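Descriptive analysis of the structure
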Amino acid sequence: MSDNAKLEFKGEVYELPVITGSEKESAIDITKLRATSGLITIDNGFMNTGSCLSSVTFLNGEKGILRYRGYPIEQLADKSDFVEVSYLLYNGELPTKAQSDAFYADISKFASLPDGVKNILNQFPADAHPMGVVSSTVSALSCFYPEFLNPEATDEIKEKAITQLMAQVKIIMANFYRKTIGKDPVDSNPALGYSKDFLNMMFDGEIDDEVASALDTLLILHADHEQNCSASTVRVVGSSQANIFASVSSGVDALWGQLHGGANQAVLEMLEEIKNDGGDYEKFIAKAKDKNDPFKLMGFGHRVYKNFDPRAKIIKVACDTILEKLDVQDPLLEIAKGLEQAALKDEYFVQRNLYPNVDFYSGIIYKALGIPTNMFTAMFVLGRLPGWLSQWKELREDKVAKIARPRQVYVGETERNYKDISER
Ligand code: ACO
């Protein structure tokens, strides 16, 4: 029996090769379909379209499985740390002790920003949205490191890209936060460890190990998620051989929207709104179900997870630990728990397989850590950087990768003649 798929159209049969991945997922290769049949495919939101072959992250939304380079997210969240996970995503294997030390030493080399970048950061108004600040400052880095602009120098760029961006984005975020509260920046001290250094640059004080470790876990959970909106954006931009800063900056922009990474800010704002409205979450569930109301339950639903989001399970436990550790009594947590329980029993949500996603609880943790609400999505950036960079690296190493350029089905006017303005 042939492994090819057959498509019949207007009496002709077209054979299409089927590709099978290492987890036995199959895909029909339609690359030559237009040349042979004149047909293209159309797929709103790329719901059913694979854009690449990738060995970075595997996820099975029906079974709630997420693995980085084959390692289950549960094991990585429990046993690893964010720097090691970043190395794993970028290089494909867990590092030895020597490799891990060398990787962190490379991150530590970038413990400051060029003066020009500091000046740019200082020009943003204190109430600027941190995502706009991160996106434009990452883009601006391309002006300070011209050696990264040469698409032929991929090997040298790969050497530095991940360590430099992991170090500098962390500093950009913390320095801008200090400006918003009218305080001087705190120097990076990589000896503290990646997550503790970030918290120290933000809050300039004694940082509890357990708190730093909880942040580290959150960063691990966000580190990659295969071909999501922002990773695909990084790949699309990178496919034109635009420089790495431009590619990552576009990923930041794609993440910003509330249907993607912006959901964590939107969840907290929604919980605040419910609290200020008297705490009746049933009323908001009814709004979310009302097709005449644009309101959606933020932090619920996912394009690929149709059973549960394995990251949300881990985050819920981390959330309880942090709130207990910091002795935070947050009424928003009670509202979140009530809302989750009520929605999980509701037929509308059950029928549509709508479950809490990773962003449902992350905001409550960030809030407990003292991070302002409008900075939550930038925290997601910090976590997602190694994923974007690993996807970009894979793209640049793919000898058959092509510039991303979808087609369309045109539904506009057919040819017509220009009319002089006096005749219109
Ligand atoms: N609240 C109420 N209804 C919802 C929700 C929600 N949060 N999410 C989906 N639905 C409904 C849709 O209205 C639709 O109903 P219908 O079949 O009656 O028309 C059905 O469930 C399917 O939803 P789609 O929007 O078609 O699913 P899609 O895969 O395109 O969207 C998305 C996924 C964007 C995540 C969506 O669930 C959503 O908007 N959720 C809220 C925002 C959010 O939490 N985003 C973060 C995602 S995780 C991440 O990116 C980090």
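Predicted model, so just to flag it, every value in this text is computed and none were measured.

1. Observations regarding the overall build of the protein chain
Across its full length, the protein chain carries 18 helices and seven strands. Over its C-alpha atoms, taken along the principal directions, the protein chain stretches across nearly 75 × 65 × 55 Å. The proportion of buried residues among the 424 residues of the protein chain is 47%. A sequence separation of at least 24 residues applies to 72% of the contacts in the protein chain between residues at least 6 apart. With an accessible surface of roughly 21,900 Å², the protein chain has 50% of that area assigned to carbon and sulfur atoms. Charged side chains in the protein chain number 46 positive and 60 negative. The centres of these two groups are separated by 4 Å.

2. Focus on the domain arrangement of the protein chain
One can read the domain layout of the protein chain as domain 1 (4-65) and domain 2 (75-398). The gap between the C-alpha centroids of domain 1 and domain 2 is 31 Å. In this complex, domain 1 contributes 16 residues to the contact, which on the side of domain 2 involves 16 residues. Here domain 1 and domain 2 share an interface that buries about 1,200 Å² over both sides, 54% of which is from carbon and sulfur atoms. The largest per-residue losses of area from domain 1 upon contact with domain 2 belong to V56, T57 and L59, which jointly make up 41% of the total buried on that side. If you look at where domain 1 meets domain 2, you find zero salt bridges. Summed over the shared surface of domain 1 and domain 2, the result is six residue pairs in polar contact (both at pLDDT 80 or more). Classifying every residue of the side of domain 1 that touches domain 2 by side-chain character gives seven nonpolar, seven polar and two charged.

3. Here we look at the nonpolar core
As a rule of thumb, nonpolar side chains are buried together in soluble globular proteins. Ranked by size, the top nonpolar core spans 116 residues in total, and within it Y68, F198, I244 and L297 carry the most contacts. With 13 residues, helix 7 (residues 154-180) is the single largest residue contributor to this core.

4. Considerations on the pattern of salt bridges
Taken as a whole, this structure holds 22 salt bridges when the rule is applied. Residue R67 pairs with E23 through a salt bridge whose shortest N-O separation is 2.7 Å. Note that R67 is positioned in strand 6 (residues 65-68) and E23 in the loop between strand 3 (18-20) and strand 4 (26-28), a separation of 44 residues in sequence. For K196, the salt bridge goes to D209, with nearest N and O atoms at 2.6 Å. Here the residue K196 occupies a position in helix 8 (residues 194-203), and D209 occupies one in helix 9 (residues 209-222), the gap between them amounting to 13 residues.

5. Observations regarding the site of the ligand
With respect to spatial proximity, 20 residues lie near the ligand, and among them H260, L297, G299, F300 and R303 are the closest. L297 is positioned such that a nitrogen or oxygen atom in its backbone is 2.7 Å from a nitrogen atom of the ligand. Note that an oxygen atom of the ligand is positioned 3.0 Å from one of the side-chain N or O atoms of R352. Relative to its unbound accessible area of 920 Å², the ligand is 75% covered by the protein chains. The residue inventory of the shell around the ligand, partitioned by class, reads nine nonpolar, six polar and five charged.

The rules behind the values
Residues numbered from 1 in each chain as written. Predicted model: local features only at pLDDT ≥ 70, side-chain atom pairs only at ≥ 80, totals over all residues. Heavy atoms only, no water. Helix = DSSP H or I, 4+ residues; strand = E, 2+ residues; numbered from the N terminus. Buried < 20%, exposed > 50% of the residue type's maximum accessible area, 1.4 Å probe, protein only. Contact = heavy atoms within 4.5 Å. Areas by Shrake-Rupley, 256 points an atom, 1.4 Å probe, with all protein chains shown as cover. Lys, Arg positive; Asp, Glu negative; His and termini not counted. Charge placed at Lys NZ, Arg CZ, Asp CG, Glu CD. Domains from an automatic or database assignment. Buried area = accessible area lost by both parts, 1.4 Å probe. Salt bridge = Lys/Arg side-chain N within 4 Å of Asp/Glu carboxyl O. Polar contact = N/O pair within 3.5 Å; in protein donor to acceptor, adjacent residues only side chain to side chain. Nonpolar A, V, L, I, M, F, W, Y, C, P; charged D, E, K, R; others polar. Core = buried A, V, L, I, M, F, W, Y, C linked by side-chain atoms within 4.5 Å. Near = heavy atom within 4 Å.

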